Amino acid sequence: MKSKYKNQPVVSIIMGSQSDWKTLVKTQEILTEFDVFFEKKIISAHRTPERLYDYSKNLKDSSIKVVIAGAGGA
């Protein structure tokens, strides 16, 4: 069965701020090593809750199958 999302990201890496990237950078390296298409997004639950809500609400209509969320020192 062919996917309608060919060459679209299947994993979404989300973080609260750019400073959290140091916590999640290895995730990118591993996904790249395994040729997994992914996206990276900064979505703060505290500063932009509406953006997080919209993102979450629309996941079912996207190619994303896995969300990896993390934060740094919080």
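For the structure itself, look to the data block above.
Residues numbered from 1 in each chain as written. Predicted model: local features only at pLDDT ≥ 70, side-chain atom pairs only at ≥ 80, totals over all residues. Heavy atoms only, no water.

Quick word on the overall build of the protein
Part 1 of the reasoning: Each helix and strand counted, the protein has two helices and three strands in total.
Part 2 of the reasoning: Along its sequence from the N terminus, the protein presents helices and strands in the succession β-α-β-α-β.
Part 3 of the reasoning: Residue burial in the protein is summarised as follows: out of 74 residues, 26% are buried.
Part 4 of the reasoning: Expressed as a percentage of contacts within the protein between residues at least 6 apart in sequence, the contacts between residues at least 24 apart total 73%.
Part 5 of the reasoning: Counting every atom, the protein has about 5,600 Å² of accessible surface; 57% of that belongs to carbon and sulfur. (Helix = DSSP H or I, 4+ residues; strand = E, 2+ residues; numbered from the N terminus. Buried < 20%, exposed > 50% of the residue type's maximum accessible area, 1.4 Å probe, protein only. Contact = heavy atoms within 4.5 Å. Areas by Shrake-Rupley, 256 points an atom, 1.4 Å probe, with all protein chains shown as cover.)

Thoughts on the packing of aromatic side chains
Part 1 of the reasoning: Evaluation of the coordinates by the stated rule reveals zero aromatic pairs.
Part 2 of the reasoning: Over the ring of Trp21 we find Lys40; its NZ or CZ atom is 4.7 Å from the centre of that ring. (Phe/Tyr/Trp six-rings, centres within 6.5 Å; stacked < 30°, edge-to-face > 60°. Lys NZ or Arg CZ within 6 Å of the ring centre and 35° of its normal.)

Section: the nonpolar core
Part 1 of the reasoning: Of all hydrophobic cores here, the largest spans six residues; its members are Val11, Ile13, Met15, Trp21, Leu24 and Leu31.
Part 2 of the reasoning: Those elements that place two or more of their residues in this core are β1 (11–15) and α1 (21–33).
Part 3 of the reasoning: Here Leu31 is in contact with Val11, Ile13, Val36 and Phe38, once residues within four sequence places are set aside. (Core = buried A, V, L, I, M, F, W, Y, C linked by side-chain atoms within 4.5 Å.)

Considerations on the pattern of salt bridges
Part 1 of the reasoning: According to the stated counting rule, one finds one salt bridge in the structure shown.
Part 2 of the reasoning: We note a salt bridge from Lys26 to Glu29, for which the minimum N-O separation is 3.2 Å. With a gap of three residues between them, Lys26 and Glu29 both fall in helix α1, about one helical turn apart.
Part 3 of the reasoning: Note on Glu29: relative accessible area 38%, which makes it partly exposed. (Salt bridge = Lys/Arg side-chain N within 4 Å of Asp/Glu carboxyl O.)

A few points about the side chain of Glu39
Part 1 of the reasoning: Summarising the element assignment, Glu39 is placed in strand β2 (residues 38–42).
Part 2 of the reasoning: Setting aside anything within four residues of it in sequence, one finds Glu39 in contact with Pro9, Val11, Ser12, Ile13, Tyr55 and Ile64.

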